[in-house]
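The residues making up each chain are set out below.
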Amino acid sequence: MLKVRFKKRHLLEIKSLTKDEIETIIETARSMREVLSRPIKKVPALRGKTVVNLFFEPSTRTRTSFELAAKALSADVVNFAAQTSSVVKGETLLDTVKNIEAMNADIIVIRHSAEGSPHFLAERTKASIVNAGDGAHEHPTQALLDLLTLLDHKKRVDGLLIAIVGDILHSRVARSGIYCWKKMGAHVRVIGPPTLMPRFIEELGVEVYSDLKEGLKDVDVVYTLRIQLERQKGSFFPNLSEYSSIYAITPETIKYAKKDAVVMHPGPVNRDVELFAEVADSPRSLILNQVTNGVAVRMAVLYLIAGGKA
Ligand code: CP
């Protein structure tokens, strides 16, 4: 039995988690995987609790896996669709959450385009808040499921060389990943056009490359990012085919990385834009392993913030 090391009531970001807390979530997720391997994939850990999925942005993987995770823990689950709610009549985010809280929600999982919105709510509600992605800020459960997936395949993260390729500027996945991998001892590179690189990104302790071939040299992990057209207010590159011709991970460009390098992507993949189908569907791709691990990691997070013992 592990000692209890997780005291947080919310999961808002990776930045403020300790290595010990991250390891506790990963160890708990491994126990949850054992639950998910049983013929009856259910435990009563959250029986009587209500989890509300409050998604103001589209999602396939995150929303579905939070729902599966909550149900596997025997929680009651409500999926709130912003498009058919009173948000369209002008109700504010805080009023929306206060009203959901008034119906005795215990945990609110929120995805919102406003950076910092989960933190804002955590200070103003009694329910536990889980950040399922806030603007270009953080996507903590994505980083945790990526870590579990990498540990499954490489057995360690300490000392690995990880390259994140693409639209770093708009990516909450990149930011959470950088915090997580650095805390676990990995070396992280970011590769992309200078226009898609946040200012002062070096301050996060990463190496910055604009040349794909140089950046991929000797890397153990190629983490490809989607070009986020929905967040691009300016013109960051001439067009998608030009971006792709320089930065796509293809059967040719993947050869710049280590021979046994694995390929990851948070999804959804823009096939043949940032990642070619031959690589996305190859044995070195961990994309669907990431998705599978999302359920166990989200079970672990819900269980721990609800006060479960690690
Ligand atoms: N990785 C991820 O957040 O995917 P969804 O947008 O489908 O949830």
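Residues numbered from 1 in each chain as written. Predicted model: local features only at pLDDT ≥ 70, side-chain atom pairs only at ≥ 80, totals over all residues. Heavy atoms only, no water.

Details of the overall build of the protein chain
Across its full length, the protein chain holds 10 helices and 9 strands. For 310 residues, the compact-globule estimate of 2.2 N^0.38 gives 19 Å, and the protein chain sits close to it at 19 Å. For the protein chain, the C-alpha atoms occupy an extent of roughly 55 × 50 × 35 Å along the three principal directions. Classification of the 310 residues of the protein chain by burial places 56% in the buried group. Long-range contacts, defined here as pairs at least 24 residues apart, represent 75% of the contacts in the protein chain between residues at least 6 apart. The average position of the 43 basic charges and that of the 36 acidic charges among the side chains of the protein chain differ by 6 Å. (Helix = DSSP H or I, 4+ residues; strand = E, 2+ residues; numbered from the N terminus. Rg over C-alpha atoms; globule rule 2.2 N^0.38 Å. Buried < 20%, exposed > 50% of the residue type's maximum accessible area, 1.4 Å probe, protein only. Contact = heavy atoms within 4.5 Å. Lys, Arg positive; Asp, Glu negative; His and termini not counted. Charge placed at Lys NZ, Arg CZ, Asp CG, Glu CD.)

Thoughts on the sheet that holds strand β5 (residues 161-165)
Here we have 5 strands laid out as an open sheet, ordered β7-β6-β5-β8-β9, and parallel in their pairing. Because the sheet does not close on itself, it has two edges, and the strands there are β7 (207-209) and β9 (262-264). The sheet shows a mean angle of 20° between the axes of neighbouring strands, taken without regard to direction. Sheet topology places β5 next to strand β6 (residues 187-191); 5 bridges connect them, and they run parallel. Note on β6: the bridge partner recorded for Ile 164 is Val 190. (Pairing = 2+ DSSP bridges. Axes fitted to C-alpha atoms, helices over the stretch in contact; angles between N-to-C directions.)

A few points about the sheet that holds strand β2 (residues 76-81)
Spatially, β2-β1-β3-β4 is the arrangement adopted by the 4 strands of the open sheet, whose pairing is parallel. Since the sheet does not close on itself, it has two edges, and those belong to β2 and β4 (128-134), each with one partner. Averaged over neighbouring strand pairs, the angle between their axes works out to 15° when direction is ignored. Two strands pair when backbone bridges link them, and strand β1 (residues 50-55) and strand β3 (residues 107-112) are joined in this way by 5 bridges, in the parallel orientation. Opposite Val 52, over in β3, you have Ile 108 as the bridge partner.

Some thoughts on the pattern of salt bridges
Here the idea is simple: oppositely charged side chains can pair when their charged atoms come close. This model, assessed by the stated rule, comprises 13 salt bridges. Taking the shortest distance from any N to any O, the salt bridge between Arg 172 and Glu 57 comes out at 3.0 Å. Separated by 115 residues along the polypeptide, Arg 172 in helix α6 (residues 172-183) and Glu 57 in the loop between β1 and α2 (61-72) bring together distant segments of the chain. For Arg 172, a relative accessible area of 7% puts it in the buried group. Counted as one network, the salt bridges with shared partners bring together Arg 63, Glu 67 and Lys 71. (Salt bridge = Lys/Arg side-chain N within 4 Å of Asp/Glu carboxyl O.)

Brief notes about unusual backbone geometry
Of note, the bond from Gly 267 into Pro 268 is cis; its omega dihedral lies within 30 degrees of zero at -5°. You will see that Ser 74, though not glycine, has its phi angle at about 70°, which is positive. You can see Ser 74 is positioned in the loop between α2 and β2. Residue Asp 218 is not a glycine yet carries a positive backbone phi of 70°. Relative to the assigned elements, Asp 218 resides in the loop between α7 (212-216) and β8 (221-224). A relative accessible area of 42% means that Asp 218 is categorised as partly exposed.

What to know about the site of the ligand
Around the ligand, the structure places Ser 59, Thr 60, Arg 61, Thr 62, Arg 111, His 139, Gln 142, Pro 266 and Gly 267. Interatomic distance of 2.6 Å between a side-chain N/O atom of Ser 59 and an oxygen atom of the ligand. Side-chain polar atom of Arg 111 to an oxygen atom of the ligand: 2.9 Å apart, as the coordinates give it. Summarising the interface, the protein chains cover 91% of the accessible area of the ligand, which totals 260 Å² for the free molecule. (Near = heavy atom within 4 Å. Polar contact = N/O pair within 3.5 Å; in protein donor to acceptor, adjacent residues only side chain to side chain. Areas by Shrake-Rupley, 256 points an atom, 1.4 Å probe, with all protein chains shown as cover.)

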